[in-house]
Amino acid sequence: MSTIAALATAPFRAAIGVIRMSGPDAFSIAGQVLRYANGCLIEEGQKRNVSFARIADGDEIIDECVVCAFRGPHSYTGEDTVEFSCHGGVYLLDRVLRLLFARGARQAEGGEFTKRAFLNGKSDLTRAEGVMDLIDSEYAASARIAMSELDGTVGKVILEIRDGLLGIASKLLAYVDYPDDEIGEVSTDEIQALLENSIRSVASLCDSYCTGRILKEGVKTALCGRPNVGKSSLMNLFSGTDRSIVTEIAGTTRDTVEDTVVFGDVKLTLTDTAGIRDTDDRVEKIGVSRARKEMEKAELIFCVFSPDLTAEDEKLADEALQCQGKTVFLFNKSDLLPQNPLPKWADKAPHFSVSAKTGEGMDAVAKFVKSLFSAELSGGSAVISNGRQYQCLCRVQRALRRARENLSLTPDVIVSDLEEAIAAVGEITGETVSEQVIHEIFSRFCVGK
Ligand code: GDP
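Notes on the structure follow. (Residues numbered from 1 in each chain as written. Predicted model: local features only at pLDDT ≥ 70, side-chain atom pairs only at ≥ 80, totals over all residues. Heavy atoms only, no water.)

1. Describing helix H13 (residues 387-405)
Counted at 1.5 Å a residue, the expected span for H13 with its 19 residues is 27 Å, and the 27 Å between its end C-alpha atoms agrees. For H13, the complete set of buried residues consists of Arg388, Gln389, Cys392, Leu393, Cys394, Val396, Gln397, Ala399, Leu400 and Ala403. Summarising the contacts, the buried residues of H13 are in contact with helix H4 (125-136), helix H5 (140-150), helix H6 (153-177), helix H7 (188-217), helix H14 (411-429) and helix H15 (435-443). Of the residues flanking the start of H13, the one acting as N-cap is Asn386, its side-chain oxygen 2.9 Å from the backbone nitrogen of Arg388. (Helix = DSSP H or I, 4+ residues; strand = E, 2+ residues; numbered from the N terminus. Expected span 1.5 Å × (residues − 1). Buried < 20%, exposed > 50% of the residue type's maximum accessible area, 1.4 Å probe, protein only. Contact = heavy atoms within 4.5 Å. Polar contact = N/O pair within 3.5 Å; in protein donor to acceptor, adjacent residues only side chain to side chain.)

Here it is as structure tokens:
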């Protein structure tokens with residue numbers, strides 16, 4: 001194992017910049033560049049230590065820094081590790097790094113520190129992937145999901161599933177090995193009950209991926225409605241900027257306008273669509289057809305209406321309800337006619353009176369959106385948001401269903417299905433994962449992590 005080093009903080013001018021070094025020569029390389037007035041890097045037998053030192057390039061002192069030393073295995077990577085908190089100058093940090101390289105360290109690859117942590121048994125793959133997801137998270141809900149990977153909530157459920165499967169397999173194997181022995185006695189009903197249990201746990205984790213993926217990538221959301229009902233005004237209210245052109249002239253938004261916003265603790269990838277109406281204008285017609293397509297593929301449809309309701313509005317409401325996405329009716333411009341009664345058909349979907357002008361009613365909409373998409377997060381339950389883990393879980397699910405279908409066959413057939421499921425579970429945690437998969441996962445990390 002070589003000794004690796006990299007800048008762990010962003011490569012910009014800042015108050016401090018952290019350089020991390022890990023590997024068998026980390027202490028000796030650090031010792032060559034650090035000068036102590038008092039104290040030392042780490043005492044013999046000490047697990048970790050924080051010290052204040054100067055960094056020297058030959059006779060020249062180039063910086064003062066706080067140094068954290070961790071003796072393996074008591075470190076993030078499991079190896080001897082030194083972290084230098086230097087002053088955050090771009091030139092300075094580059095110079096310190098080059099000093100370390102000149103004394104035998106090499107530039108760490110993206111994710112190499114976390115990869116070493118995984119290879120040294122400090123972390124399983126779900127936790128390592130949680131680290132990356134936490135760094136990538138842009139808002140509270142996605143950070144919460146990442147934390148549930150990082151703190152082992154996801155890993156724990158996966159291990160419970162694995163232990164359950166190992167339990168069933170060992171019962172069956174005992175029977176295969178000692179069919180006449182009493183210990184090997186095993187009933188199909190018992191195996192079926194245990195299998196059903198595991199299938200249910202896997203299915204619930206698979207189901208959570210829908211929420212997890214949506215919260216990580218954003219809910220595809222379409223703002224639809226007749227021209228002039230206030231779609232663009234709402235879009236601008238959501239995004240806090242003037243993204244869409246607002247005028248009283250019908251048909252201003254002729255194409256779709258997109259933006260990503262966090263609303264009700266949920267990331268929405270919002271699309272403001274052209275007003276849907278019958279038109280002879282060729283360009284507007286294309287916009288209307290795009291609006292319909294957006295509505296069809298949306299996971300959330302905000303149908304916007306204004307007080308001057310027409311038959312077209314009800315038609316649009318029904319059209320939205322036919323689509324696969326969740327539909328919410330927004331009766332806009334409530335500031336104009338606050339007491340305006342809502343039409344009977346309003347009850348066909350969750351609905352809210354709002355005003356894009358005053359912002360009134362939007363808090364209730366935000367609360368509702370949160371309840372639609374992030375309710376599962378509140379219970380601290382395991383939510384899968386990682387595509388790779390989900391693919392593995394689908395393989396577990398297929399193998400277990402096959403095992404259930406094969407219950408009437410000989411135990412060794414079921415054992416072979418179970419082994420396949422256990423191997424797929426092992427890929428999630430990293431126990432049985434190939435080197436290529438490991439390489440792919442960690443190469444997506446940033447350098448220094
Ligand atoms: P779109 O065609 O559906 O995108 O509608 P716009 O957002 O362009 O708005 C059409 C007109 O309605 C503009 O003059 C807006 O200022 C006005 N408008 C939009 N929302 C409201 C609202 O909540 N209250 C009032 N009073 N006017 C609004």
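From this point on, the discussion continues.
2. A closer look at the layout of surface pockets
Reported here for the second largest pocket is a volume of approximately 170 Å³. Around the second largest pocket, the lining comprises 16 residues; the ones closest to its centre are Phe331, Leu337, Asn340, Leu342 and Ser353. By residue class, the composition of the lining of the second largest pocket is 9 nonpolar, 5 polar and 2 charged. (1 Å grid on protein atoms, 1.4 Å probe; cavity = no way out; pocket = protein on both sides within 12 Å on 5 of 7 lines; lining within 4 Å. Points joined across faces, edges and corners; volume = space filled by probe spheres on them. Nonpolar A, V, L, I, M, F, W, Y, C, P; charged D, E, K, R; others polar.)

3. Focus on the pairing of strand S2 (residues 14-22)
As judged from the 4 bridges shared by strand S1 (residues 4-7) and S2, these two strands associate in the antiparallel manner. When the sheet's bridge partners are listed, Ala5 is paired in S2 with Met21. Between S1 and S2, which pair antiparallel in sequence order, lie 6 residues. Looking at chain direction, S2 and strand S6 (residues 81-88) are connected through 8 bridges and run antiparallel. When the sheet's bridge partners are listed, Ser22 is paired in S6 with Thr81. (Pairing = 2+ DSSP bridges.)

4. A few points about the sheet that holds S2
Spatially, S3-S4-S5-S6-S2-S1-S7 is the arrangement adopted by the 7 strands of the open sheet, whose pairing is mixed. Since the sheet does not close on itself, it has two edges, and those belong to strand S3 (34-35) and strand S7 (106-107), each with one partner. Packing of helix H2 (residues 90-102) onto the sheet brings it into contact with S1, S2, strand S4 (48-57), strand S5 (60-70), S6 and S7, and relative to S6 it is tilted by some 150°. (Axes fitted to C-alpha atoms, helices over the stretch in contact; angles between N-to-C directions.)

5. Quick notes on the packing of H6 against H7
Where H6 contacts H7, the axes come no closer than 10 Å and their chain directions differ by 160°. The pairing of H6 with H7 is recorded here as roughly antiparallel in orientation. As H6 packs across H7, the resulting crossing turns out to be left-handed. Each of Val157, Ile158, Ile161, Gly164, Leu165, Ile168, Lys171 and Leu172 in H6 lies in contact with H7, whose residues at this interface are Glu190, Ile191, Leu194, Leu195, Ser198, Ser201, Val202 and Leu205. For the contact of H6 with H7, the residue count by class is 11 nonpolar, 3 polar and 2 charged. (Parallel < 35°, antiparallel > 145°, perpendicular 65-115°, else oblique. Left-handed = near helix turned anticlockwise from the far one by under 90°.)

6. Quick word on the site of the ligand
Around the ligand, the structure places 18 residues, and the nearest of them are Asn228, Lys231, Ser232, Ser233 and Asp335. Between Asp335 and the ligand, the recorded distance is 2.8 Å, taken from a side-chain N or O atom to a nitrogen atom. Between an oxygen atom of the ligand and a main-chain N or O atom of Ala356, the distance comes to 2.9 Å. Taken by itself the ligand offers 580 Å² of open surface, and the protein chains cover 85% of this. (Near = heavy atom within 4 Å. Areas by Shrake-Rupley, 256 points an atom, 1.4 Å probe, with all protein chains shown as cover.)

7. Details of the packing of aromatic side chains
Enumeration according to the criterion identifies 11 aromatic pairs in this entry. Where Phe331 meets Trp345, the ring centres are 5.9 Å apart and the plane angle is 45°; that geometry is what we call tilted. Here Trp345 lies in the loop between strand S12 (326-331) and strand S13 (351-353) and Phe331 lies in strand S12, a separation of 14 residues in the sequence. Here Phe331 and Trp345 have matching classes, each one buried. Taken together, Phe305, Phe329, Phe331 and Trp345 form an aromatic cluster joined through their ring pairs. The ring of Phe113 has Arg20 lying over it, and the distance from NZ or CZ to the ring centre is 5.3 Å. (Phe/Tyr/Trp six-rings, centres within 6.5 Å; stacked < 30°, edge-to-face > 60°. Lys NZ or Arg CZ within 6 Å of the ring centre and 35° of its normal.)

8. Re the nonpolar core
The biggest cluster of nonpolar side chains holds 31 residues, and the ones touching the most others in it are Leu165, Val396, Leu400 and Leu418. Those elements that place two or more of their residues in this core are H6, H7, H13 and H14. For this core, the element with the highest residue contribution is H14, accounting for 8 residues. Excluding residues within four positions of it along the chain, Leu165 makes contact with Ser198, Val396, Leu400, Leu418, Ala421, Ile422 and Val425. With 30 residues, the next largest nonpolar core counts Leu223, Val229, Val266 and Val354 among its residues. (Core = buried A, V, L, I, M, F, W, Y, C linked by side-chain atoms within 4.5 Å.)

9. Description of H4
Given a rise of 1.5 Å per residue, 12 residues ought to cover 16 Å, and the 16 Å separating the end C-alpha atoms of H4 matches this to within 8%. All of the buried residues in H4 are Leu125, Thr126, Ala128, Glu129, Gly130, Val131, Met132 and Asp133.

10. Quick notes on the environment of Glu420
In this structure, Glu420 sits in helix H14. Sequence-distant contacts of Glu420, that is, excluding residues within four places in its chain, are made with Ala399 and Arg402. Looking at Glu420, its side chain comes within polar contact range of the side chain of Arg402, at 2.8 Å.

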